[in-house]
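Notes for the structure review
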Amino acid sequence: QVQLVESGGGLVQAGGSLRLSCAASGRTFSTYAMGWFRQAPGKEREFVAAISWNGGSTNYADSVKGRFTISRDNAKNTVYLQMNSLKPEDTAVYYCAAGPGPTGWSRAYGYWGQGTQVTVSS
């Protein structure tokens, strides 16, 4: 079993940057692909980015390509999401998740964190 805890959210102006972290418990973190999803008020949860177990493969939503970077440090049991050039439409609760592969399909992920709020002001 994997427990996930996100941090690093907050309020930032448009054009600014934030780095989200997701700390995982358990010795099996390095065997899981990790994903980031987000959910804005009144909208469905959507895929943001994913990374394979060894970091060799990444996957991004078109809306964040070139602005966001996902990475992981298996020695620290942590996955990161570096978010640059933030826009008001990036405002959402961001969730990390652990699953078998770096897919954008949320139902593939069996473990989820509690989320961290990101608010981008215009």
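Shown above is the structure to which this text applies.
Here's a quick rundown of the structure.

Conventions we followed
Residues numbered from 1 in each chain as written. Predicted model: local features only at pLDDT ≥ 70, side-chain atom pairs only at ≥ 80, totals over all residues. Heavy atoms only, no water. Disulfide = S-S within 2.5 Å. Helix = DSSP H or I, 4+ residues; strand = E, 2+ residues; numbered from the N terminus. Buried < 20%, exposed > 50% of the residue type's maximum accessible area, 1.4 Å probe, protein only. Pairing = 2+ DSSP bridges. Contact = heavy atoms within 4.5 Å. Salt bridge = Lys/Arg side-chain N within 4 Å of Asp/Glu carboxyl O.

All chains considered together, the criterion is met by 1 disulfide. The disulfide that involves cysteine 22 links it to cysteine 96, with 1.9 Å between the sulfurs. Across the S-S bond linking cysteine 22 and cysteine 96, the dihedral sits near 50°, which makes this disulfide right-handed. With cysteine 22 in strand E3 (residues 18–24) and cysteine 96 in strand E9 (residues 92–99), this pair connects stretches of sequence that are 74 residues apart. As far as the burial class goes, cysteine 22 and cysteine 96 line up, both buried.

On to unusual backbone geometry. Of note, asparagine 77 is a non-glycine position whose phi angle comes to about 55°, a positive value. By the element assignment, asparagine 77 lies in the loop between strand E7 (68–73) and strand E8 (78–83).

Another aspect to go through is the pairing of strand E4 (residues 33–39). Most of E4 is tucked away: 6 of the 7 residues are buried. In the sheet, E4 pairs with E9 via 7 bridges, with the strands oriented antiparallel. Looking at E9, one finds that alanine 33 is bridged to glycine 99. The pairing of E4 with strand E5 (residues 46–51) spans 5 bridges and is antiparallel. Bridging across to E5, phenylalanine 37 finds its partner in phenylalanine 47. In textbook terms, the turn of a hairpin is the stretch between consecutive antiparallel strands, and for E4 and E5 this stretch comprises 6 residues, one of which, glycine 42, has a positive phi near 75°.

Before going further, it helps to examine the side chain of threonine 78. Position of threonine 78 among the secondary structure elements: in strand E8. Once you skip the residues sitting within four places of it in the chain, threonine 78 turns out to touch Ser21, Cys22, Ala23, Phe29, Arg72 and Asp73.

Taken as a whole, this structure holds 4 salt bridges when the rule is applied. With a shortest N-O distance of 2.6 Å, glutamate 46 and arginine 38 are connected by a salt bridge. Residue classification places arginine 38 among the buried positions, given a relative accessible area of 6%. A salt bridge links aspartate 90 to arginine 67, with the shortest nitrogen-to-oxygen separation between them at 2.7 Å. Placement of aspartate 90 in the loop between E8 and E9 and of arginine 67 in the loop between strand E6 (58–60) and E7 is noted, with a sequence separation of 23 residues between them. Since its relative accessible area comes to 0%, aspartate 90 is described here as buried. Judged by its relative accessible area of 11%, arginine 67 falls in the buried class.

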